[in-house]
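Here is how the chains run, residue by residue.
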2 protein chains.
Amino acid sequence: MVSQRMKYWGWGYENNGLNKNQVHSLIKILAQDFGVLASSNIKKPEVSDIKLHKPKLIPPDSLLKFCTNEPYERVLHSFGQSQPDSIRIFDGDFKHAPDVIAYPERSDQINAIYDWASGVGAAIVPYGGGSSVVGGVTPDIEGHYKGTVMVNMTKLNKVLEVDETSRAALIQGGAKGPELENQLKPYNLTLRHFPQSFEHSTLGGWIATRSGGHFATLYTHIDDLVENITSITPSGCFESRRLPGSGSGPSPDRFIMGTEGALGIITEAWVRLQGRPVFKLTAGFRFAKFLDASLAVRSISQSGLFPANVRIVDATELQVNGAGDGTYTLMVVSFESSDHSVEPWMKRAEECCLDHGGIIDIDWRENPDTNLKGAVGAWRDAFIRMPYNRENLTPRGIISDTFETAITWDKFEEFYWAIKDATQQAIRDVTGQNGAVSCRFSHAYPDGPAPYFAFHCTGKPGGMLEQWKAIKYAASEALIKNGGTITHHHAVGRDHQKWYEKQRPKLFGHILKDAKNRLDPDGIMNPGVVV
Amino acid sequence: MVSQRMKYWGWGYENNGLNKNQVHSLIKILAQDFGVLASSNIKKPEVSDIKLHKPKLIPPDSLLKFCTNEPYERVLHSFGQSQPDSIRIFDGDFKHAPDVIAYPERSDQINAIYDWASGVGAAIVPYGGGSSVVGGVTPDIEGHYKGTVMVNMTKLNKVLEVDETSRAALIQGGAKGPELENQLKPYNLTLRHFPQSFEHSTLGGWIATRSGGHFATLYTHIDDLVENITSITPSGCFESRRLPGSGSGPSPDRFIMGTEGALGIITEAWVRLQGRPVFKLTAGFRFAKFLDASLAVRSISQSGLFPANVRIVDATELQVNGAGDGTYTLMVVSFESSDHSVEPWMKRAEECCLDHGGIIDIDWRENPDTNLKGAVGAWRDAFIRMPYNRENLTPRGIISDTFETAITWDKFEEFYWAIKDATQQAIRDVTGQNGAVSCRFSHAYPDGPAPYFAFHCTGKPGGMLEQWKAIKYAASEALIKNGGTITHHHAVGRDHQKWYEKQRPKLFGHILKDAKNRLDPDGIMNPGVVV
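From a predicted model like this one, the values you see are computed outputs, not experimental measurements. (Residues numbered from 1 in each chain as written. Chains lettered and ligands numbered in written order. Predicted model: local features only at pLDDT ≥ 70, side-chain atom pairs only at ≥ 80, totals over all residues.)

Novice: Describe the environment of Gly462 of chain B, and please don't skip the residues or the numbers.
Specialist: If you trace the backbone, Gly462 of chain B turns up in the loop between strand 18 (448–458) and helix 15 (464–481). In the structure, Gly462 of chain B is positioned 343 residues away from Gly119 of chain B in sequence and 40 Å away in space, judged by C-alpha atoms. (Helix = DSSP H or I, 4+ residues; strand = E, 2+ residues; numbered from the N terminus.)

So this is what it looks like as structure tokens:
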């Protein structure tokens, strides 16, 4: 059996993607409802046609057995999943392709890669599932490096130990979502961390980037599910004590989370698991206005009910994705438990929705499978399909991207308009016409939401990269100027670095640089990211 | 009206404490039930009798208006609230008394203190309520410092801004628990962070030490309630962005939390508030065995019910504190909400207790005021009284201390016996007879409890400090050897530093030292703590 190959030009496996009807429908809605027009239909470049420079590095014999410089591998590891990545792929721009791809199967092999890379002056880019949408794994390495080595962690993909009593497991950093869930299933336990990239992202990647998952409240980031971290750094092993909680000095784990491979590679972590949910309820509500729906989210977020899902999707976002007609905002509320019926929880959440003008779209009393029905089900399907959109839109000259943030409730309404306006204005400035700018909430806290914006606009073939940069710049400036965070869970990567540096306390930037000097004295780890 | 003076020899205000009957009862129980005998009755030293060295530092005129070297102030600031502190107070050991006590009323005055202290080579010890039980504010400064300046933050005690929409407030670091709650009351909001030290500890101190509060589950540490931090360091101001959540690089706040004044002084923080609870239920259960009760706690912790209280207290702890007859473990379960009735929550938690052999002691159906009734009420009274015990036991030659930790459930039972045995063995080795060693849970997580141990034993007047050190050493070694944390919420201070260094990843120790060099290049901030 041949294992499935990953696409180098888009999302997931080569044989997965949108079917013709789905592509047609997406293009049609963008054109007819939003005036966003396809202007070309470029074919994806074939590996054999891509001009790759000769590898600048050849690993020593001792590393050769787990390293490759095969063209497909170099092409695959040239990009992540961002909009600029996609544009450059279809432009055939592979000048920065890495020289070597390493697939370590043991920790000591990572140390061996570090030693070799330090010696020859190479840069290292840690690579999990390659799903970064912010340039976190795109090896645009500047400076005097002699070449780039990608360290693909996906062969370190085992659940090493399960502690059923504490509901926790020791899992290797390279385990992808489905792999680790399959290994936990026999124990009737689950990590239940489902970022949109779930299928093609890894535990180590989630921790390194502070991934946001399934739970819309409470355990929003992977941060909350981590008991300890083992990270291999060029200066040695950084291993924290496995504990359910501690107050012993600043948390070492919280300092490693979010360093995005700039200080080392996360090889293992003990993570907190959940019992598999037995009781589940899902409800859907329609709101005339997005901001009314946001008030319902606020009241639920401050209620202490902690729903697994409390997400609102505006009319535009539903419409673009074929899950609504553009006349209403959808709110999805779910509760789940391995322990008890969640009816009292849902009853109260429903009251919060009705109090703020919500109209029942899908009644949770019609359980089971309310999560598959009506607008809720249509949105769910669209959500799963969404990562495949980009590989179809970019070659047709349509720029499409998302960015997410967080803001306290007091500032939210003003913030919402400021971000939408700044993005729409930038699209007009850059393309000469309006685009589709939409918003949903990915997560919600008692003190504020995590709004998630998406935009689509007509691009100019050959000029899309510059157009995207101008829109991204305007949106990012607006986020920082209006008090938001440059990212809630997409991470910093290379694309957000400029604004991340504006956001973080200046002294903390110095602390990170000092930590980099300490853990990675030769500066070989993911240069240009976070630090 | 004269404001109340703080005791320099014990807990709280000079005119508060145990009454004669309460002291008599405590001494009698320890003697009759545990063979722990009072062997002396030393009087507290009077300020006029305490030999203080002449102040080694005199602040310049510009600082004089908010600095003092008055003997009472120097005596008061010579110690925190630990057992060794108490022993040294009654021994009249004030050799290390600080030279100057500063009471800044504005941030710029803190900068002025730093400048002066750096210039003259003085050490600075940040001081909130002075409630540290681990030597965190005891100015035992080693090295070539020319003297010690205590920075008492309690004049910076205002709630500066309340955001009712997001339920958050900007509060100064020197605000004590009752002060900040009183200022929040008009808004019908509350921080609801109630460490046992609540009355005499400050928000800045809580954040600096990762204090553990009221909530036994979920929001256990103050960490979870912090939106941002402003810390003044000798290298400038460290201010993070106020956000409900973020994934932008490692959390700057989580790096400051737990640094215990070694990197700066926390002057302000935005914190998350709660609606004042309207719905409250409390139940009490008796268990024949502590370990059976622990299984009930585990099942509730893993249920997703998130009770405000789920604490178990063993038979010995109840008996020592006059709240039980030594035949049963008590479990207290409480739910509270500002939003909805918590009956369904309590019903399910009760099932978990009954499933594990619990017997109803206080029935929540008899609400209200079940938290004041029976064993639950007796334990509550004892808990409030407890901080006053030490000032009565130390002068009578009784050593009494507590320490807390956390451990995953899989290791808990073995850990429990190992810690109890090591502590009891150390008491026998040191005193020649058994002491009382008890355990309760202060907080509980899905993956493990935070056990809180207490011990009482007969000391040898004049030798108590060495005796305490030997017992503390044995208990601390056992915690680290058996996989626990050296502290769950009491902090590191000077007393835990040795074991904290064993616990933390070696590379993280280097990172902290580098951060210290960056933020406090002259090493003036709380030397000997954390870093």
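Novice: Which residues make up the interface of chain A and chain B, and what values do they have?
Specialist: Chain A puts 73 residues into the contact, and the matching count from chain B is 73 residues. No other element matches helix 17 (residues 506–519) of chain A, which puts 8 residues into the side of chain A that touches chain B. Its residues assigned to classes, the side of chain A that touches chain B shows 25 nonpolar, 32 polar and 16 charged. (Contact = placed C-beta atoms within 7 Å. Nonpolar A, V, L, I, M, F, W, Y, C, P; charged D, E, K, R; others polar.)

Novice: With reference to specific residues and values, describe helix 1 (residues 20–34) of chain A.
Specialist: Residues and elements named next belong to chain A. Helix length check: helix 1 (15 residues) gives 21 Å between terminal C-alpha atoms against 21 Å at 1.5 Å per residue, within 8%. Where helix 1 is concerned, the buried positions are Leu26, Leu30 and Phe34. Buried residues of helix 1, seen end-on, are gathered within an arc of 30° and therefore sit on one face of the element. Opposite its buried face, helix 1 presents the exposed residues Lys20, Asn21, His24, Lys28 and Gln32, each directed more than 90 degrees away. Elements in contact with the buried residues of helix 1: helix 10 (315–320), helix 13 (390–393), strand 16 (398–404), strand 17 (436–445) and strand 18 (448–458). Immediately beyond the C-terminal end of helix 1, within one or two residues, lies Gly35, with a positive phi of roughly 70°. (Expected span 1.5 Å × (residues − 1). Buried ≥ 20, exposed ≤ 12 C-beta atoms within 10 Å, placed from the backbone. Arc of directions from axis to C-beta.)

Novice: A description of the domain arrangement of chain A should follow, citing residues and the corresponding values.
Specialist: Residue and element names in this part refer to chain A. When cut into domains, chain A gives domain 1 (50–276 + 496–531), domain 2 (279–387) and domain 3 (389–495). Here the C-alpha centre of domain 2 lies 33 Å away from the C-alpha centre of domain 1. Contact residues are listed per partner, giving 9 residues for domain 1 and 12 residues for domain 2. Taken together, the residues of the side of domain 1 that touches domain 2 sort by class into 3 nonpolar, 5 polar and 1 charged. (Domains from an automatic or database assignment.)

Novice: Kindly report on the sheet that holds strand 2 (residues 100–102) of chain A, identifying the contributing residues and their values.
Specialist: All names here are of chain A. Strand order across the open sheet formed by 4 strands is 1-2-4-3, with mixed pairing between neighbours. Of all the strands in the sheet, just strand 1 (67–68) and strand 3 (123–127) have a single pairing partner and so form its edges. Where strand 3 lies against strand 4 (residues 148–152), 5 bridges are found, and the strand directions are parallel. Note on strand 4: the bridge partner recorded for Tyr127 is Asn152. (Pairing = 2+ DSSP bridges.)

Novice: So, the pairing of strand 8 (residues 226–233) of chain B: which residues are in play, and what are the values?
Specialist: Residue and element names in this part refer to chain B. Of all 8 residues making up strand 8, 7 are buried, and the element is well covered by its neighbours. As judged from the 4 bridges shared by strand 8 and strand 9 (residues 236–239), these two strands associate in the antiparallel manner. The partner of Thr233 across the bridge, within strand 9, is Gly236. In textbook terms, the turn of a hairpin is the stretch between consecutive antiparallel strands, and for strand 8 and strand 9 this stretch comprises 2 residues.

Novice: Requested: an account of the sheet that holds strand 4 (residues 148–152) of chain B, with residues and values cited.
Specialist: Residue and element names in this part refer to chain B. Read across the open sheet, the 4 strands follow the order 1-2-4-3; overall the sheet is mixed. If you trace the sheet from one side to the other, it starts and ends with strand 1 (67–68) and strand 3 (123–127), each paired once. Pairing analysis gives 2 bridges linking strand 1 to strand 2 (residues 100–102), with the strands arranged antiparallel. Bridge pairing links Thr68 to Ile101 in strand 2. Here helix 5 (residues 107–120) sits on the sheet and contacts strand 2, strand 3 and strand 4; the angle it forms with strand 4, its principal contact strand, is near 175°. (Axes fitted to C-alpha atoms, helices over the stretch in contact; angles between N-to-C directions.)

Novice: Which residues make up the pairing of strand 13 (residues 309–313) of chain B, and what values go with them?
Specialist: All names here are of chain B. Of all 5 residues that make up strand 13, 4 are buried, and the element is covered over most of its length. Note: strand 13 against strand 14 (residues 329–337), 5 bridges, orientation antiparallel. Residue pairing for strand 14: Arg311 is matched across the bridge by Val332.

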